[in-house]
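Single-letter residue listing:
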Protein chains: 2
Amino acid sequence: MNALIDILRARLGSGGMLTDPTDTEPYCSDWRGLYHGRTPAVLRPADTEAVAACVRACAEAGAGIVPMGGNTSMVGGAAVSENGHELVLSLSRMNRIRAIDPVDMTMTVEAGVTLKAAQDAAREAGCLLPLSISSEGSAQIGGVLATNAGGNNTVRYGNARELVLGLEAVMPDGTVFEGLRRLRKDNTGYALRQLLVGSEGTLGIITAAVLQLSPRPRQVEVALCAVASPEAALALFTAFRSADPSAIQAFEYMSGTGMGLVNRLIPDAALPLAEPAPHYVLVELASARDDDSLRTLLESVLGEALEEGRVLDAVVAESETQRLAIWKLREEHAEAQKRAGGNVKNDVSVPVSRVPELIARATEACERLIPGIRVAPFGHLGDGNIHFNLVQPDGADRVAFLARDHEIMDTVAAIVRDLDGSFSAEHGVGKLKPYMMPSWRGGAELETMRRIKHALDPKGIMNPGKVLPEASPPT
Amino acid sequence: MNALIDILRARLGSGGMLTDPTDTEPYCSDWRGLYHGRTPAVLRPADTEAVAACVRACAEAGAGIVPMGGNTSMVGGAAVSENGHELVLSLSRMNRIRAIDPVDMTMTVEAGVTLKAAQDAAREAGCLLPLSISSEGSAQIGGVLATNAGGNNTVRYGNARELVLGLEAVMPDGTVFEGLRRLRKDNTGYALRQLLVGSEGTLGIITAAVLQLSPRPRQVEVALCAVASPEAALALFTAFRSADPSAIQAFEYMSGTGMGLVNRLIPDAALPLAEPAPHYVLVELASARDDDSLRTLLESVLGEALEEGRVLDAVVAESETQRLAIWKLREEHAEAQKRAGGNVKNDVSVPVSRVPELIARATEACERLIPGIRVAPFGHLGDGNIHFNLVQPDGADRVAFLARDHEIMDTVAAIVRDLDGSFSAEHGVGKLKPYMMPSWRGGAELETMRRIKHALDPKGIMNPGKVLPEASPPT
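Residues numbered from 1 in each chain as written. Chains lettered and ligands numbered in written order. Predicted model: local features only at pLDDT ≥ 70, side-chain atom pairs only at ≥ 80, totals over all residues. Heavy atoms only, no water.

- Under the annotation held in an unreviewed UniProt entry, chain A carries the name FAD-binding oxidoreductase and is attributed to Lichenicola cladoniae.
- What UniProt states about chain A under its Cofactor (unreviewed entry) heading is, verbatim, "FAD".
- Of chain A, the UniProt comment under Sequence similarities (unreviewed entry) reads exactly: "Belongs to the FAD-binding oxidoreductase/transferase type 4 family." (UniProt positions renumbered as here; feature names shortened; annotations may be inferred.)

A look at the interface of chain A and chain B
Now for step 1: The interface of chain A with chain B comprises 86 residues on the first partner and 88 residues on the second.
Now for step 2: Together chain A and chain B conceal approximately 7,000 Å² of surface at their shared face, both sides included; 52% is due to carbon and sulfur atoms.
Now for step 3: It is Lys185(A), Asn187(A) and Tyr190(A) that lose the most area in chain A upon contact with chain B, and together they represent 15% of the buried surface on that side.
Now for step 4: Linking chain A to chain B there are 14 salt bridges. (Contact = heavy atoms within 4.5 Å. Buried area = accessible area lost by both parts, 1.4 Å probe. Salt bridge = Lys/Arg side-chain N within 4 Å of Asp/Glu carboxyl O.)

A word on helix 3 (residues 48-61) of chain B
Think of an α-helix as turning once every 3.6 residues; residues three or four places apart then point the same way.
Residue and element names in this part refer to chain B.
Now for step 1: Over its 14 residues, helix 3 runs 20 Å from end to end, which matches the ideal 20 Å to within 8%, given 1.5 Å per residue.
Now for step 2: In terms of burial, helix 3 is a largely internal element, 10 of the 14 residues being buried.
Now for step 3: Inspection of helix 3 places Thr48, Ala50, Val51, Ala52, Ala53, Cys54, Val55, Ala57, Cys58 and Ala59 among the buried residues, and these make up the whole buried set. (Helix = DSSP H or I, 4+ residues; strand = E, 2+ residues; numbered from the N terminus. Expected span 1.5 Å × (residues − 1). Buried < 20%, exposed > 50% of the residue type's maximum accessible area, 1.4 Å probe, protein only.)

A short note on the sheet that holds strand 4 (residues 86-90) of chain A
Residues and elements named next belong to chain A.
Now for step 1: Pairing in this open sheet of 4 strands is mixed, and the strands run 1-2-4-3 from one edge to the other. Looking at which strands have only one partner, the edges of the open sheet turn out to be strand 1 (17-18) and strand 3 (64-68).
Now for step 2: As judged from the 5 bridges shared by strand 3 and strand 4, these two strands associate in the parallel manner. Opposite Pro67, over in strand 4, you have Leu89 as the bridge partner. (Pairing = 2+ DSSP bridges.)

Re the sheet that holds strand 6 (residues 106-110) of chain A
Hydrogen bonds along the backbone pair up the strands of a sheet, which may run parallel or antiparallel.
Residues and elements named next belong to chain A.
Now for step 1: If you walk across this open sheet you meet the 5 strands as 5-6-10-8-9, and the pairing is antiparallel. Either end of the sheet is taken by a strand with one partner, and the two such strands are strand 5 (97-101) and strand 9 (176-179). The mean angle between the axes of side-by-side strands here comes to 15 degrees, regardless of whether they run parallel or antiparallel.
Now for step 2: Examined bridge by bridge, strand 8 (residues 164-170) and strand 10 (residues 205-212) share 6 bridges and lie antiparallel to one another. Residue pairing for strand 10: Val170 is matched across the bridge by Ile205. (Axes fitted to C-alpha atoms, helices over the stretch in contact; angles between N-to-C directions.)

Quick look at the nonpolar core
Now for step 1: Formed by 196 residues in total, the largest nonpolar core has its most connected members in Leu145(A), Leu236(A), Phe240(A), Leu145(B), Leu236(B) and Phe240(B).
Now for step 2: Once residues lying within four places of it in the same chain are set aside, the contact partners of Leu236(A) are Cys225(A), Phe251(A), Val281(A), Val301(A), Leu302(A), Ala305(A), Arg310(A) and Val311(A).
Now for step 3: The next biggest cluster of nonpolar side chains, apart from the first, holds 27 residues, and it includes Leu4(B), Ile65(B), Leu87(B) and Val170(B). (Core = buried A, V, L, I, M, F, W, Y, C linked by side-chain atoms within 4.5 Å.)

Describing the UniProt feature "domain: FAD-binding PCMH-type" (unreviewed entry) in chain A
Now for step 1: This chain's UniProt record puts "domain: FAD-binding PCMH-type" (unreviewed entry) on residues 35-216 of chain A.
Now for step 2: What you have in residues 35-216 of chain A is 21% helix and 25% strand, and the ends, taken at the C-alpha atoms, are 40 Å apart.

Looking at the environment of Val66(B)
Residues and elements named next belong to chain B.
Now for step 1: Along the polypeptide, Val66 turns up in strand 3 (residues 64-68).
Now for step 2: Given a relative accessible area of 0%, Val66 falls into the buried group.
Now for step 3: Measuring from C-alpha to C-alpha, the distance between Val66 and Thr39 comes to 9.7 Å, with 27 residues separating the pair along the chain.
Now for step 4: Apart from the residues lying within four places of it in its own chain, the contact partners of Val66 are Ala78, Ala79, Val80, Glu86, Leu87, Val88, Leu89, Asn463 and Lys466.

What about the packing of aromatic side chains?
Now for step 1: Scanning the entire structure with this criterion turns up 6 aromatic pairs over all chains.
Now for step 2: Seen from their ring centres, Phe237(B) and Phe251(B) are 5.1 Å apart, and the 65 degrees between their planes marks the pair as edge-to-face. Of this pair, Phe237(B) sits in helix 8 (residues 230-243) while Phe251(B) sits in strand 13 (residues 248-255), and the two are 14 residues apart along the sequence.
Now for step 3: For Phe237(B), a relative accessible area of 4% gives the class buried.
Now for step 4: By relative accessible area, Phe251(B) is classed as buried at 1%.
Now for step 5: Joined through ring pairs, the aromatic side chains of Phe237(A), Phe240(A) and Phe251(A) make up one cluster.
Now for step 6: Above the face of the Trp440(B) ring, Arg417(B) is positioned so that its terminal group lies 5.2 Å from the ring centre. (Phe/Tyr/Trp six-rings, centres within 6.5 Å; stacked < 30°, edge-to-face > 60°. Lys NZ or Arg CZ within 6 Å of the ring centre and 35° of its normal.)

Concerning the pairing of strand 3 of chain A
Now for step 1: Most of strand 3 of chain A is tucked away, with 5 of its 5 residues classed as buried.
Now for step 2: Side chains Gly64(A), Val66(A) and Met68(A) project from strand 3 of chain A onto one buried face, and the interleaved Ile65(A) and Pro67(A) project onto a second face that is buried too.

Things to note about the environment of Leu297(A)
Now for step 1: With respect to the element layout, Leu297(A) can be found in helix 10 (residues 294-307).
Now for step 2: Judged by its relative accessible area of 9%, Leu297(A) is buried.
Now for step 3: Taking the C-alpha atoms as reference points, Leu297(A) and His85(A), separated by 212 residues in sequence, lie 58 Å from one another.
Now for step 4: Excluding residues that lie within four positions of it along the chain, Leu297(A) makes contacts with Ala243(A), Asp244(A), Ala247(A), Leu285(A) and Arg289(B).

Considerations on the pairing of strand 8 (residues 164-170) of chain B
Residues and elements named next belong to chain B.
Now for step 1: With 7 of its 7 residues buried, strand 8 lies for the most part within the structure.
Now for step 2: With 4 bridges connecting them, strand 8 and strand 9 (residues 176-179) associate as antiparallel partners. The partner of Val170 across the bridge, within strand 9, is Val176.
Now for step 3: Hairpin connection of strand 8 to strand 9: 5 residues between the antiparallel strands, including Gly174 at a positive phi of 90 degrees.

Some remarks on the relation of the copies chain A and chain B
Now for step 1: Laying chain A over chain B is done by rotating through 180 degrees and shifting 0.0 Å along the axis; what remains is an RMSD of 0.0 Å. Accordingly, the operation relating the two chain copies is best matched by a two-fold axis.
Now for step 2: Counting the interface residues of chain A, we find that 100% of their copies in chain B are interface residues as well, pointing to one common contact surface. (Least-squares fit on C-alpha atoms with pLDDT ≥ 70 in both.)

A few points about the side chain of His380(A)
Now for step 1: With respect to the helices and strands, the residue His380(A) is situated in strand 19 (residues 378-380).
Now for step 2: For His380(A), a relative accessible area of 3% gives the class buried.
Now for step 3: Within the structure, the side chain of His380(A) is placed 2.6 Å from the side chain of Glu252(A), a separation counted as a polar contact.
Now for step 4: A polar contact is formed between the side chain of His380(A) and the side chain of Glu426(A), at a distance of 3.3 Å.
Now for step 5: When near neighbours in sequence (up to four residues on either side) are disregarded, His380(A) contacts Gly151(A), Asn152(A), Phe251(A), Glu252(A), Arg330(A), Asn385(A), His387(A), Glu426(A) and Lys185(B). (Polar contact = N/O pair within 3.5 Å; in protein donor to acceptor, adjacent residues only side chain to side chain.)

Here we look at the pattern of salt bridges
Residue and element names in this part refer to chain A.
Now for step 1: Per the stated rule, a full pass over the model turns up 64 salt bridges over all chains.
Now for step 2: In this structure, Glu320 and Arg323 form a salt bridge, with 2.4 Å as the shortest nitrogen-oxygen distance. Of the two residues, Glu320 and Arg323 both sit in helix 11 (residues 320-331), 3 residues apart, roughly one turn of that helix.
Now for step 3: When its relative accessible area of 43% is taken as the criterion, Glu320 is described as partly exposed.

Written as structure tokens, this is what we have:
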């Protein structure tokens, strides 16, 4: 290891490497505090060639590399091993926006640019980078793509994968995949960029990408609706989709329990409706046209739903301030739950049609498991992606509650599985969930993943221990 | 080989296998007539388990398999070798639509369903399968996905890949990848379905898929515009995109030369404009709303472009008959060029902003190469995908012209390459173009593809000779 570090230091210079334990320590805990490791060095290459040189040296020495962006993974995607043998490779110095083309509506960004900085640069060029997640201020493009991030606007624009036209990546042997193309159509061989996106750093290190931008919406309408049931929320979604699918920019579900916590625990969060409801929907419509009849569309669909009793009450934002106030109710859900005590999070998805059944069954099962538990699901109903979160019973012991987290997760997972869903909709697998892969993605699927991993990274140096459970290499 | 055929016959029954040379012969020429091979047997499994059994038996014997759908590849994607050692595996008996869910807006279809039949079934369920290509009457879903088909509506809905939520496939070892999920979000490991889509049958055989449907548009507007230059055509595209990107359903470019051939050689094809122009655009707008101001949008953008001289003349379809008449002018381009003599086709793409430069430079280079050549490009300007087709000089010798096809293709390719484009936008690589892979997709990219191929298909039995050029296996 010392010889390898000498080689890397010679290549990167002293500014390109941290080896003092005090300096490397901040890189060795994950954002959620689930993992604590240690590393002999944090590599900070400033360009693609330096990344490649680091990977070549590590491949030769058989040393593990943990690629790291903003370190905001919810599942320990950039967690460093406790064995002290893995090097951290931070992309944060590769933070240039290489190009923006307003005719092609593309931007070429390096991996270390934060999502927020990329959004801002797109906006300055008159465009929209239509990807938004709560950690966007610190999450970096490399990690955002490596985990195929989702967020509030995927119902309209798709996940991160659907925004990537081109990719540059350093492969596990230290060669550079030069795929920074700006083409909307290109059928020339295997979809390597699609494969690298979502591979969580286990098949290579993304160093730059070409992202597809969109025109900025000129009109946005937001409404908060009180509904009697998840079925009514789903019916409202299909009504909007039937009226105009391309107008829907976000369609978020929130439980009455979750909204109650926000109202009680978050300052300046007030429900703009006459009385609390058992369930809520936040719908955002958008259009690029300034003369569009978006408000008419919104009021027509809501009016019909109110008449038919599917919506109990609704408020439409009349100003930017009101829009933000409504969104705040949604965005503070995680914070309010944190303040209410111990939390167990389940980032799950099911077919959109099955969201009501998921909520009903999982609520009942969790309440049976732990009487008094506060079931507070919320999330992207339009994508079938629900954050099925649970908060400890009021006044219960936090530690005792959290000790049962796997019991709760297994309870929810069994129902998700029965509904043909997924145990990870947008957070990925990371270090937290590889153990779930054999039962959920086993057989030919996991075997194919293993073969690909072994073919591209025979020494297993790229982000060890993530995504795939440990196993002997394929024969 | 005889022993293998006996095993397969025992498994498939006599109705499931063709071995008579007269019966197998129709499977052994590709649609364009570029390749002529022979096969000892055409396997016609009726379900996924039978496909898997065939693949297992072939894998054991090391026999090559050519998966075949409608056999409509433009690049010999299902061409059978002349060596007589490859078995054809036809998916045509797997032609069930397994399910349609109008709430999730998904359909589960088997590989042997024609694209047309799938479109019809979606329509009957009140939905739209938004993928349309000229061979849709015979092209089958398995092949459509294996080649990641494009077509006229990708500017709005994306390529085939973007419509696939789930996939079932038989892997080269005969195991079944059971990935028929209906989830819009699922970050649980590597994107195998994205990898299989576009792999042209070289990594496995797609047996069924879950496709994302859309609501049917309630309003459609079509206009044909005469423009002075490709630059003006591009400016018109950006004007429409700026006005409302989600309204654009197709944006097609046609050259004056190509339109002249259609007018002269196709019965009942008449230009609905006062006089011929050097270049044309067909724009189609669509909306799910029935009260949408789509016509106003169309007329406003066209009006401004006419005033500024970017559009010379335009006609808006006032009826379904007129819409079809305008589309006929676009759709008959290939047939008119065929009737005009020898053709050389180039299915290329460049960044959208570079389409005008592509047309200008490639036109000049081809005219210099062969004086009198008729340069007749057309295609999906909104995607940067131009079919840069060339027709022999009027009265010239067809055979002598076609003898220079590689000279012409190389001339176009050099310019496409200089513009950071692709040598195959939507037709794929097939058997025709693997030789181009090393120079266009070489280095780490091709090496990674080879490693994946070798890892999943170590004996090289899946669709031999397609996509990847021959090489020794990776070390």
